[in-house]
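Okay, here's what each chain looks like letter by letter:
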There are 2 protein chains.
Amino acid sequence: MSIPSSATIEDVARIAEVSIATVSRAIHMPEKVANSTRLKVHQAIAVTGYTTNAMARSLRLGRSNMILVVAPDIGDPNFSNILVGLENEARAHGYGILIGHTQNDAQRGLEYLKFLNSNQAAGLILFTGILPFGHQAMTARLPPSVGVFEPIYNGGIPYVGVHDMAGARKIADMLIAEGHQRTAFIGDSRTRLAYSRRRAGFDEGMKAAGLAVLPSLILDGDGTLESGRLAVEQLFMRDTLPTAFMCVNDQTAIGVMIGLTARGYDIPRDFSVTGFDDIPQAAFMSPALTTIRQPRTSIGKHAMALLLDLLEGRQPNEPEILLSPDLIVRNSVSGPARHL
Amino acid sequence: MSIPSSATIEDVARIAEVSIATVSRAIHMPEKVANSTRLKVHQAIAVTGYTTNAMARSLRLGRSNMILVVAPDIGDPNFSNILVGLENEARAHGYGILIGHTQNDAQRGLEYLKFLNSNQAAGLILFTGILPFGHQAMTARLPPSVGVFEPIYNGGIPYVGVHDMAGARKIADMLIAEGHQRTAFIGDSRTRLAYSRRRAGFDEGMKAAGLAVLPSLILDGDGTLESGRLAVEQLFMRDTLPTAFMCVNDQTAIGVMIGLTARGYDIPRDFSVTGFDDIPQAAFMSPALTTIRQPRTSIGKHAMALLLDLLEGRQPNEPEILLSPDLIVRNSVSGPARHL
DNA sequence: CTGAAAGCGCTTACAG
DNA sequence: CTGAAAGCGCTTACAG
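What counts and how
Residues numbered from 1 in each chain as written. Chains lettered and ligands numbered in written order. Predicted model: local features only at pLDDT ≥ 70, side-chain atom pairs only at ≥ 80, totals over all residues. Heavy atoms only, no water. Near = heavy atom within 4 Å. Polar contact = N/O pair within 3.5 Å; in protein donor to acceptor, adjacent residues only side chain to side chain. Helix = DSSP H or I, 4+ residues; strand = E, 2+ residues; numbered from the N terminus. Nonpolar A, V, L, I, M, F, W, Y, C, P; charged D, E, K, R; others polar. Expected span 1.5 Å × (residues − 1). Buried < 20%, exposed > 50% of the residue type's maximum accessible area, 1.4 Å probe, protein only. Arc of directions from axis to C-beta. Contact = heavy atoms within 4.5 Å. UniProt positions renumbered as here; feature names shortened; annotations may be inferred. Buried area = accessible area lost by both parts, 1.4 Å probe. Salt bridge = Lys/Arg side-chain N within 4 Å of Asp/Glu carboxyl O. Pairing = 2+ DSSP bridges. Axes fitted to C-alpha atoms, helices over the stretch in contact; angles between N-to-C directions.

In the annotation of an unreviewed UniProt entry, chain A is listed under the name LacI family repressor for deo operon, udp, cdd, tsx, nupC, and nupG and assigned to Rhizobium skierniewicense.

As structure tokens, then:
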């Protein structure tokens, strides 16, 4: 069961009785080869089971057919479906996907930079809003890159994601239509453009309805379940209580639901809660979480298509591609309770 | 912002005033180079920011530093954390991870085989129990490979996963200790060794307690939520009802819970339900699901370590590495109801 | 339409 | 301890 060393272009050439140059052309520029010759070559390929050695080809061409995808955390529930979209599109164009995760460790980021510098990856997809390579000076050495899921705030890199502001606006409008006048916004204080855009959508919705955004109802966490729970505790120590919690993402919303439930409240009877992202858990909460769906597979597909364009020298018309968000209505929202 | 073409070994050699052979040695066999020379080389490397061109190195060496990881579905909730373990271990040893998903499509599998044949990947990790490459004849061309999460049933490939039988036995024993004498087992009829091992653990537990395994309480699905729901419907059309549902995995258990809830039953008061895997949703169910935790990150780490051994010519002592499963007790189990 | 040849950037016997 | 040279498997201008 030893691995038979695979056939090379020489083997094919010998069998087809042509030069290796002709074999190469028959594969990559078939129109420049006589029909009869092409036939012979393809037969020889079939006989040998030949596959182009990608290392040799990349070396010669000066670029690889690999795309590096870097995420802070591979386990992020939002990540896997984006990856599906990325992978499908890449594979369809003969590219492979290399993945790495930084766990927000700059050192790690640097290690992946090496993959780039060593020519192993022709392009870069960045998941979640930050160039993980320390000094921005590095930017000069970056290959064609695109950000997904969140805009890259520290680099001029094109971005594909959901229309955050429009999504937040949809949530805000729905809450207002349900009768909520005092909605708390549980945000994310990390420097992430996506989150400030969601906040902007909230503000816009309130303003459009002539409602005041009360500073005491605006809290900042860090996008985690724990910070959602904490926000509930903080709010209960203040004098103004909201009738609804609009959360910057699903994780936070789940934390809020847990915090509220622990205090003995019923959702949505006592408080309404909304999320953003529609992570898999959202549907399984009790009550199921009303949220905004990220078109994840589609984001991945568009991002890879954009990157492939970049790799072929086409510049994008727009610096951002914003996909339309869908409101997913489930059971965590109702009209406001007549309070306390 | 054009990308400065990165430094080559020639640049380093010129600056250090040595031959390229010496540069290569200074990097990869430092003990064979004089101290003073090594110093000069490392300074030159620092100056130029040189990184070895991985394509050239792989071509010369005849093997790459990439590991191909193939899964049926990248979005599988079990997959991402295994990937984390795989990636950490690989990166620590200078390997990168290439990923692909087949969606159970043999054609897709073939495309990934090309990555292997074109020398882009030195090794293969297979997630979920099946050689996705059609004809088993292909096996001859496979590089060092290891299966994770489920044993590979159609190829003699080493495997790293949880001890399925021991895990199932833990669940069975606990259910019996709670007083359940009539437990339904909702299995998976697909040809997957992991699932039949879980069934074996169930049988063993029942036997050890002197309890009969009633054929009418053994149902087979396909591991999906939907099949869990279906199993409930089927059971209610029979005369013997169980007091507990032991499910082959969490997805099935969630389906069972949904089916039972839809019929107006309370879990665990009316029926107890258990899963296997501890997928992220399990903790968020209501009631939270009692299940067996897969040590996912650890599985990934061990599998990659094993593969790396294989790549260096070391053969494993055992064909399987079975990790110890933990019982995660939550709220979906109680004593049996006095029934109907 | 086809072939001979150069060269992508490395590593490693071989010779000294 | 160090260098000159061969060669990994390709692609592509160049010449015919």
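A.B. asks: Is there a simple way to think about the protein's contact with DNA strand D in this case?
C.D. replies: Around DNA strand D, 26 residues are found, and the nearest of them are A:Ser24, A:Arg57, A:Arg60, B:Arg25 and B:Thr37. Near-protein atoms of DNA strand D (within 4 Å) split between backbone and bases, with sugar and phosphate holding 62%. Within the backbone of A:Ile9, an N or O atom sits 2.7 Å from a phosphate oxygen of DNA strand D. In this structure, A:Arg25 approaches DNA strand D through a side-chain N or O atom, which is 3.1 Å from a base nitrogen. At the level of elements, α2 (20-28) and α4 (54-61) of chain A together with α2 (20-28) and α4 (54-61) of chain B are the ones that each hand at least two residues to the surface near DNA strand D. When grouped by side-chain class, the residues that make up the surface near DNA strand D number 11 nonpolar, nine polar and six charged.

A.B. asks: I tried to follow helix α3 (residues 35-48) of chain A on my own but got confused; where do I start?
C.D. replies: Think of an α-helix as 3.6 residues a turn; residues three or four steps apart then line up on the same face. Residues and elements named next belong to chain A. An ideal rise of 1.5 Å per residue puts 20 Å on 14 residues; α3 measures up with 20 Å between its terminal C-alpha atoms. Within α3, burial applies to Thr 37, Val 41, Ala 44, Ile 45 and Thr 48. Around the axis of α3, the buried residues are gathered within 105° of arc, so they sit on the same side. Opposite the buried face of α3, at more than 90 degrees from it, the exposed residues are Asn 35, Ser 36, Leu 39, Ala 46 and Val 47. On its buried side, α3 packs onto α1 (9-16) and α2. Remark: Gly 49 follows α3 within two positions and exhibits a positive phi of approximately 70°.

A.B. asks: Just checking my understanding: could you explain the UniProt feature "domain: HTH lacI-type" (unreviewed entry) in chain A for this structure?
C.D. replies: Taking the numbering used here, the UniProt-annotated feature "domain: HTH lacI-type" (unreviewed entry) corresponds to residues 7-61 of chain A. Here residues 7-61 of chain A is 71% helix and 0% strand, with 20 Å between the C-alpha atoms at its ends.

A.B. asks: Hey, could you run me through the interface of chain B and chain A in this one?
C.D. replies: Frequently, the measure chosen for interface size is the accessible area removed from exposure when the parts meet. At the interface, 55 residues of chain B touch 55 residues of chain A. When chain B packs against chain A, close to 4,700 Å² is buried across both sides, 62% of that on carbon and sulfur atoms. When the buried surface of chain B facing chain A is broken down by residue, B:Met55, B:Arg141 and B:Phe284 rank first, second and third, together holding 15% of it. Applying the counting rule to chain B against chain A returns zero salt bridges. Of all the secondary-structure elements, those providing two or more residues to the side of chain B that touches chain A are α4, α5 (79-92), β2 (96-101) and α6 (106-117) of chain B. Here the residues of the side of chain B that touches chain A are counted per class, giving 26 nonpolar, 23 polar and six charged.

A.B. asks: I tried to follow the side chain of B:Thr183 on my own but got confused; where do I start?
C.D. replies: Of note, B:Thr183 is situated in strand β6 (residues 183-188). With relative accessibility at 5%, the residue B:Thr183 sits in the buried group.

A.B. asks: Whenever I open this one, the environment of A:Gln251 confuses me. Can you help?
C.D. replies: Residues and elements named next belong to chain A. By secondary structure assignment, the location of Gln 251 is in helix α10 (residues 250-262). With 25 residues separating them in the primary sequence, Gln 251 and Glu 226 have C-alpha atoms 8.4 Å apart. With residues up to four places along the chain from it excluded, the contact list for Gln 251 reads Pro 77, Gly 223, Thr 224, Leu 225 and Ile 279.

A.B. asks: I tried to follow the sheet that holds strand β7 (residues 218-221) of chain A on my own but got confused; where do I start?
C.D. replies: Pairing between sheet strands relies on hydrogen bonds along the backbone, with the strands arranged either parallel or antiparallel. All names here are of chain A. Strands sit in the order β7-β6-β8-β9 across an open sheet of four strands; the sheet is parallel. Only two strands of the sheet have a single partner each, and these edge strands are β7 and β9 (272-274). For this sheet, the mean inter-axis angle between neighbouring strands, taken without regard to orientation, is 20°. Pairing analysis gives four bridges linking strand β6 (residues 183-188) to strand β8 (residues 244-247), with the strands arranged parallel. In the sheet register, Thr 183 faces β8, and the bridge partner there is Ala 244.

A.B. asks: Explanation requested: the pairing of strand β3 (residues 123-127) of chain B in the structure shown.
C.D. replies: In regular strands, side chains alternate between the two faces of the sheet. All names here are of chain B. Within β3, five of the five residues are buried, which leaves the element mostly enclosed by the surrounding structure. By the bridge criterion, four bridges tie strand β1 (residues 66-71) to β3 in an arrangement that is parallel. Looking across to β3, one finds that Val 70 is bridged to Leu 126. Pairing geometry for β3 and strand β4 (residues 145-148), over four bridges, is parallel. Counterpart to Leu 124 in the pairing with β4 is Ser 145.

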